[in-house]
Amino acid sequence: METIHNYLETMFSALPNTDEVYRAKDELSAMMEDKFHALLEEGVAEEEAVAKVISEFGSLDEIADDLGIREAVVGVDEKKQRRITEPETAEYLKDSGKAVRRRACGVGLIVAGGSLMPLVRLVADYLYGGAYYPVQLVEAAGAMGMFLCIAFGVGMIIVSTSGKQKWAFLSHENCQLDYPALSAVDSRYRAEQEKLSMRLATGVGLCILSILPIFLFSGHFRGGIFGQASQAAFLIVGACGIVLILCTIGRKRAFERLLGLNGRDTVGGNQFLSQKRLRFDEPMIEEALSVYWQTVLCLYLCWSFLTFSWTRTWVLWPVAALIHRLLVNLFGKEEF
Amino acid sequence: MSGISSDVIRGYNDTMILCILMEDASYGYRVSKEISRRSEGKYQIKETTLYSAFNRLEKNGLVESYSDVGENGKRRTYYRITEAGRAFYRDKCEEWKLTKEVVEKFAGIG
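**Concerning the overall build of chain B**
Phase 1 of the analysis: Within chain B, the regular secondary structure consists of 4 helices and 3 strands.
Phase 2 of the analysis: Going from N to C terminus, chain B has its helices and strands arranged as α-β-α-α-β-β-α.
Phase 3 of the analysis: The contacts of chain B with a sequence gap of at least 6 include a subset with a gap of at least 24, amounting to 49%.
Phase 4 of the analysis: Counting only carbon and sulfur atoms, one obtains 54% of the accessible surface of chain B, whose full area is about 6600 Å².
Phase 5 of the analysis: Averaging the positions of the 19 positive and the 17 negative side-chain charges in chain B gives two centres separated by 3 Å.

**Overview of the interface of chain B and chain A**
Phase 1 of the analysis: Each partner contributes to the interface: chain B provides 19 residues, whereas chain A provides 22 residues.
Phase 2 of the analysis: Around 1900 Å² of area is buried between chain B and chain A when both sides are counted, 49% of it from carbon and sulfur atoms.
Phase 3 of the analysis: On the chain B side of the contact with chain A, Tyr 29, Glu 47 and Tyr 51 of chain B bury the most area, a combined 38% of that side's loss.
Phase 4 of the analysis: The tally of links between chain B and chain A comes to 5 salt bridges.
Phase 5 of the analysis: Note that Glu 47 of chain B and Lys 35 of chain A form a salt bridge whose closest N and O atoms lie 3.2 Å from each other.
Phase 6 of the analysis: Elements with a contribution of two residues or more to the side of chain B that touches chain A: α2 (28-38), α3 (47-59) and β3 (75-81) of chain B.
Phase 7 of the analysis: The greatest single-element share of the side of chain B that touches chain A, amounting to 9 residues, is contributed by α3 of chain B.

**Side note on the nonpolar core**
Phase 1 of the analysis: If you look at the biggest cluster of nonpolar residues, it comprises 38 residues, and the most contacted ones within it are Phe 12 of chain A together with Ile 17, Leu 21 and Val 31 of chain B.
Phase 2 of the analysis: Those elements that place two or more of their residues in this core are α1 (2-12), α2 (19-41), α3 (46-55) and α4 (61-67) of chain A together with α1 (6-23), α2, α3 and β3 of chain B.
Phase 3 of the analysis: The element that contributes the greatest number of residues to this core is α2 of chain A, accounting for 7 residues.
Phase 4 of the analysis: Once residues within four sequence positions are removed from consideration, Phe 12 of chain A is found in contact with Val 21, Ala 24, Lys 25, Leu 28, Leu 60, Ile 63 and Val 267 of chain A.
Phase 5 of the analysis: In terms of nonpolar packing, the next biggest core, distinct from the first, is built from 20 residues, Leu 170, Leu 177, Ala 181 and Tyr 189 of chain A among them.

**Quick look at the sheet that holds strand β2 (residues 63-69) of chain B**
All names here are of chain B.
Phase 1 of the analysis: Taken in spatial order, the 3 strands of this open sheet run β1-β3-β2, and their pairing is antiparallel. Each having just a single partner strand, β1 (26-27) and β2 make up the two edges of the open sheet.
Phase 2 of the analysis: In terms of strand pairing, β2 meets β3 through 7 bridges, oriented antiparallel. The residue bridging Tyr 66 from the neighbouring strand is Tyr 78, located in β3.

Quick notes on the rules
Residues numbered from 1 in each chain as written. Chains lettered and ligands numbered in written order. Predicted model: local features only at pLDDT ≥ 70, side-chain atom pairs only at ≥ 80, totals over all residues. Heavy atoms only, no water. Helix = DSSP H or I, 4+ residues; strand = E, 2+ residues; numbered from the N terminus. Contact = heavy atoms within 4.5 Å. Areas by Shrake-Rupley, 256 points an atom, 1.4 Å probe, with all protein chains shown as cover. Lys, Arg positive; Asp, Glu negative; His and termini not counted. Charge placed at Lys NZ, Arg CZ, Asp CG, Glu CD. Buried area = accessible area lost by both parts, 1.4 Å probe. Salt bridge = Lys/Arg side-chain N within 4 Å of Asp/Glu carboxyl O. Core = buried A, V, L, I, M, F, W, Y, C linked by side-chain atoms within 4.5 Å. Buried < 20%, exposed > 50% of the residue type's maximum accessible area, 1.4 Å probe, protein only. Pairing = 2+ DSSP bridges.

Keep in mind these values describe shape, not function.
Right, dumping it as structure tokens:
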């Protein structure tokens, strides 16, 4: 029965979601189901029954005029739709996961790189135990390390975009997920939901936790070993948090991209709860939000490198997240 | 011969469906099964053809649909024939008699 169900859903997935189309789908589904069960009762083997039901189904062409979907049915052939199958979605999720992890680690490296300066000082202080050592040389080494980290991080971000070309067709061509692919992506997304929320919460938690050492070792502990250690810890823990957050957001985006491939106004575009999508009445706000996090990252890096006060610039992230939430709540609407 | 061509029989799908509904209200699969039973398996109506016919008949006021729970507790859309449907069926029967008469004069020889 599942094969029959998938067949019907895939046939209908590109049709506009009007009451008439849904009614036709339900009726046809009921007829096919009745026939399938009757065949089984007659003692026909399951595969044979499935084949018979599908081969005797007919074609959508026949009901096109009744449903007022002549245009859609003709359009389906003309627009050269590309059907995305389940293995393809699995491959896309795998590829995008890799890219997302690389990009997140790249950003993490850039942030954590800042910890090398205080770390090198810390190690030097520990090794030389207050005796004289060429501070400038050590600091230069730390700075070198930091810039290496940044260069490497930027490199990783660039490399992470290399696989994009392979999937560019998702945006350029008229792609449709067939029903088995759609339901597989949906159930996988729902299965990962909890893990993703946990990861996001951990990431945010780490970011908040990262400032603790700074407060802990302020006052008379400031400077010296404690100061350096707390600065280094802050950046490293913060970087871990950012990596987690970016990984989670990237993963969600990948799922949402697949689930959003089927046109909003077609039957296949709103079969599952996870296909609900944020919509904005103001196109301006939607445009602005699409580059929101990139802008914040840019601001963060500019501010941080111009002032070198990493202990303060992180504030940008929670504030930015708050503003984002506010904008979404004020202007966004969740709907199919 | 490879069964009935759907082009030829198209004009008479409605008649067959109405004929079955004349006896009692029925639903999709039962009508399709009845058509293939009465035609001794020589004609099997396709699901889309049947749905299309129901839809057209209903729009023209020849049948009415209603939802009901049938045997084995399943909710289905049932169709029942209207007065206009009965009249239409009788017209179609007349038309067929004439058609058959004419066509047979040419195609009934071989």
